[in-house]
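Below, each chain spelled out in residue letters.
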Amino acid sequence: MKDINIKILVTFLTLVLLSSCSADFIEEKRDFSSVNVEVYQYEELSNAYLDHLYYLMLPDRNANMAMWSRAAVEHSSADLFTKSSDEIAGQTDLNREYPDISPLNNHCLYSIGQAVRASVTNNTWTRIRYCNLYLSNVDDYSGLDEDFKDQVKGQFYFWRAWQYFELVRLYGGIPLVLEPQPSNVDDPENQTPRSTSSEVIDQIVADLEMSQMLLERGRPYTQDDAGRITAAAAAALKGRVLLTWASPLFNRADDQSRWQRAYEANLAAYNTCIAAGNGLDPDWENMWFNQNTIESVFGFRFNDFAANSGEFQKNNYTEYQSRTRDQGGNGGIHPTKNVMDAFPMADGTPYNPNGNLNEFYRNRDPRFYNTFAYNGSIWPYAQDPNYKHWEYYWYPLAAEPDKPTIETNNQRDGTGIFLRKFTNPNSSNINSFQNNGNQYMEIRFAEVVLNLAESAIGINNLAEGKDYIKSIRARVGVTNNDGDYGLATVSSRDQLFAAVINERKVEFAYENKRFHDLRRWLLYNDDFGTCSRLDQTPIEGSRRQGYYTFVKLDANTIYENGRGTDPLKGPGAPIINRDATTYPNGITTYEEYVDYLYDNHFEVTVRDNVDQTDFSFKWYNEYYFFGIYQNLLNTAPYLEQTQGWGGTFNPLD
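1. Considerations on the overall build of the chain
- Each helix and strand in the chain was counted, giving 20 helices and 9 strands.
- Residues classed as buried in the chain amount to 60% of the 653 residues present.
- Sequence separation of 24 or more characterises 71% of the internal contacts of the chain that already satisfy a separation of 6 or more.
- When the accessible surface of the chain is totalled, it reaches about 24,500 Å², and 46% of it is carbon and sulfur.

Written out as structure tokens, the structure is:
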């Protein structure tokens, strides 16, 4: 199958060179000053122009999709938002202390882009201009069949809405530019002031409604169009947008009309997706590797081409970054105990993080075992389908008990937890898992369901909202001991809001949703009372943590042996062979043997050195709506600065 993201750049250049266009076409397109009219007259060139927009919008080559955001990349690094949450440790521009809030500081995001210039730098406003050029001109020229034109325009409207939504949820109101502006930054026509947040939301919704309508009546896609925007994707994004508008980030007064609008949009999205063949994939463990899964409403496509293949290479590096070095990967993603604790028990009831730490992995939600790899878990890949992951320490002689220095694998400064999600048991470690073409599902049907659940709760359709949450749990195999999949004691509006937030934390772990959910519900601290209302632990003041697993000689004695032989490895292991093929009396399976090892030869403790010693997560409420950085204000002084950043612009309007 040819894939839109495989051919985007090569197709564009090839079609331009093979077409009857003059060489000026390339120059005109490159400087963004105009586009040759033939782009609006020939299907091949329209598709090539559109394919290049996909190239600008979609993830970079070799992206780690467990920690990726275009807005984060354009500020500093792809993992900025993930590390500015409870999912991954690390100091960032958004979780450390500053002497003051200032547009001169690095905490003032650069994601808003820069003024339009003649160059083709890939940033916010050039991408918007790219959409506006086509949408403003295509109807003025003949040559394209109407069904094809509808199909293409529908995609441009989607991408313009997508880009504006990325901005409005970070900044509130921003300039609404719906016509192509001159490429001269000093041209007066470019001096567009900020619109209100409500005006931007309404425009995004209008674009998405137009996108859906055009795609529904436009030319049907063929198999070669896999990865393109669909009407269902437009409907789902509209639901996401209006849920954000109804959430406390924007809706401080809990305006019920906003929740109603969100509910109607998400119910329509749900029905549109069902009609398009989407649904909850029953194979949660393996749906990430199925390009045709019914779960995917909108996915980012990659390919498995090698660097020397002669093809346009765009690999998904998530598995490479997730796998341990012992397996041949990079070992660079270390989930936190903070997130692991959110995963419920097998029957859906909450996990008790204050219980016996040696039993942290027992009887958990099935998603737990398909999201994390931990000491003793089986984590297969093609070359070793029975690979067992070990991550334990033992003390050197006379060492202080809080200073272990020996470990089984060379994975220093981690959490003792690895990300198993997105790793295929059939993947090969040839070339270190790098040539991976798995798609990344940006909008899953599960999100459509949980968006609808939250919206239903918002309008006090509590039973309906609860049923949608239960459907998410039922499909992964949570046992239904209480008739409510562990939610029997959850009944009030705030309790159900909390339940859906927790469900999102579990279901979408490491899918780039958590940072925005925390902001959407004002959960970084309790200054707005939402943490207390929803029984959520504030992020501010916290530390991201992990696990240490120490070896014990027996159930009561910590093992000390200097820098000697691994006490659990091999037939001659000093204590016991972790990979034994025959087990102690009464033990018949490997799972039971792991329990035996934890009961008798492991001691699990909280690891609190994941964040640096003097680190405590710092959040400023000004980050709920970021200001405009000073260099942009210097080139665009007509823009009003945001409240809290030295200006008067109110992002709640």
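On we go from here.
2. Examining the pairing of strand β6 (residues 440–444)
- Along β6, 5 of the 5 residues are buried, which leaves the element largely enclosed by surrounding structure.
- Where strand β1 (residues 296–300) and β6 come together, 4 bridges link them in antiparallel fashion. If you follow S296 over to β6, its bridge partner there is R444.

3. A short note on the environment of S247
- Along the polypeptide, S247 turns up in the loop between α9 (231–246) and α10 (256–275).
- Since its relative accessible area comes to 0%, S247 is described here as buried.
- Remark: the alpha-carbon pair of S247 and G458, spanning 211 residues in sequence, is separated by 8.9 Å.
- In contact with S247, other than residues within four places in its own chain, are W259, E454, R520 and W521.

4. Some details on the packing of helix α7 (residues 146–171) against α9
- Orientation of α7 relative to α9, taken along the N-to-C sense of each, is 20°, at an axis distance of 11 Å. Judged by the angle between their axes, α7 and α9 are roughly parallel. Classified by chirality, the crossing of α9 by α7 is left-handed. Mapping the contact onto sequence places F158, W162, F165 and R169 in α7 and A233, A234, L237, R240, V241 and T244 in α9.
- Partitioning the contact of α7 with α9 into residue classes produces 7 nonpolar, 1 polar and 2 charged.

5. Some remarks on helix α15 (residues 462–476)
- Under the 1.5 Å per step criterion, the end-to-end length of α15 is 22 Å for 15 residues, consistent within 8% with the ideal 21 Å.
- Among the residues making up α15, those that are buried are G465, K466, Y468, I469, K470, I472, R473, R475 and V476.
- G477 sits one or two residues past α15 and shows a positive phi near 95°.

6. Structural notes on unusual backbone geometry
- With a phi angle near 55°, N363 is a residue other than glycine that sits in the positive phi range.
- Structurally, N363 can be placed in the loop between α12 (337–340) and α13 (366–371).
- In this structure N363 comes out as exposed when scored by relative accessible area, which is 57%.
- Positioned with a positive phi, N460 is a non-glycine residue whose angle comes to about 70°.
- If you trace the backbone, N460 turns up in the loop between α14 (445–458) and α15.
- Residue N460 is classed as partly exposed on the basis of its relative accessible area of 44%.

7. A short note on the pattern of salt bridges
- Tallied over the entire structure, the rule returns 50 salt bridges.
- A salt bridge links R240 to E442, with the shortest nitrogen-to-oxygen separation between them at 3.0 Å. With R240 in helix α9 and E442 in strand β6, the pair connects residues that are 202 residues apart, well separated along the chain.
- Close ionic contact of E447 with R240 constitutes a salt bridge, the shortest N to O distance being 2.8 Å. Here E447 is found in helix α14, whereas its partner R240 is found in helix α9, with 207 residues between them in sequence.
- Residue E447 is classed as buried on the basis of its relative accessible area of 2%.

8. Digging into the confidence of the model for the chain
- With 90% of its residues at a pLDDT of at least 70, the chain reaches an overall mean of 90.
- In this model residues 1–33 is a low-confidence stretch, pLDDT under 50, and it forms 76 contacts with partners more than four residues away in sequence or in other chains.

9. Digging into α9
- Helix length check: α9 (16 residues) gives 23 Å between terminal C-alpha atoms against 22 Å at 1.5 Å per residue, within 8%.
- Here α9 lies mainly inside the structure; 16 of its 16 residues are buried.

10. A short note on the nonpolar core
- With 127 residues, the main nonpolar core has F156, F158 and W159 as its most contacted residues.
- Take this core: its biggest share by element is 14 residues, from α7.

11. Some thoughts on the packing of aromatic side chains
- Enumeration over the complete set of coordinates arrives at 64 aromatic pairs.
- Where Y54 meets W159, the ring centres are 5.4 Å apart and the plane angle is 85°; that geometry is what we call edge-to-face. Taken together, the residues Y54 in helix α3 (residues 43–57) and W159 in helix α7 connect sequence positions 105 residues apart. Of the two residues, Y54 and W159, both sit in the buried class.
- Relative to F497, the ring of W259 lies with its centre 5.3 Å away and its plane at 35°, an arrangement referred to as tilted.

12. Observations concerning the side chain of N303
- One can find N303 in the loop between β1 and α11 (318–322).
- You can call N303 buried: its relative accessible area is 3%.

13. Remarks on the packing of α3 against α7
- α7 packs onto α3 with a crossing angle of 20° between their chain directions and a minimal axis gap of 11 Å. By the angle between their axes, α3 is roughly parallel relative to α7. As for how α3 packs across α7, the hand of that crossing is left-handed. For the pair α3 and α7, the contacting residues are E43, S46, N47, Y49, L50, L53, Y54 and M57 in the first and F148, V152, Q155, F156, W159 and Q163 in the second.
- Here the residues of the contact of α3 with α7 are counted per class, giving 9 nonpolar, 4 polar and 1 charged.

Definitions and cut-offs
Residues numbered from 1 in each chain as written. Predicted model: local features only at pLDDT ≥ 70, side-chain atom pairs only at ≥ 80, totals over all residues. Heavy atoms only, no water. Helix = DSSP H or I, 4+ residues; strand = E, 2+ residues; numbered from the N terminus. Buried < 20%, exposed > 50% of the residue type's maximum accessible area, 1.4 Å probe, protein only. Contact = heavy atoms within 4.5 Å. Areas by Shrake-Rupley, 256 points an atom, 1.4 Å probe, with all protein chains shown as cover. Pairing = 2+ DSSP bridges. Axes fitted to C-alpha atoms, helices over the stretch in contact; angles between N-to-C directions. Parallel < 35°, antiparallel > 145°, perpendicular 65-115°, else oblique. Left-handed = near helix turned anticlockwise from the far one by under 90°. Nonpolar A, V, L, I, M, F, W, Y, C, P; charged D, E, K, R; others polar. Expected span 1.5 Å × (residues − 1). Salt bridge = Lys/Arg side-chain N within 4 Å of Asp/Glu carboxyl O. pLDDT = per-residue confidence, 0-100. Core = buried A, V, L, I, M, F, W, Y, C linked by side-chain atoms within 4.5 Å. Phe/Tyr/Trp six-rings, centres within 6.5 Å; stacked < 30°, edge-to-face > 60°.

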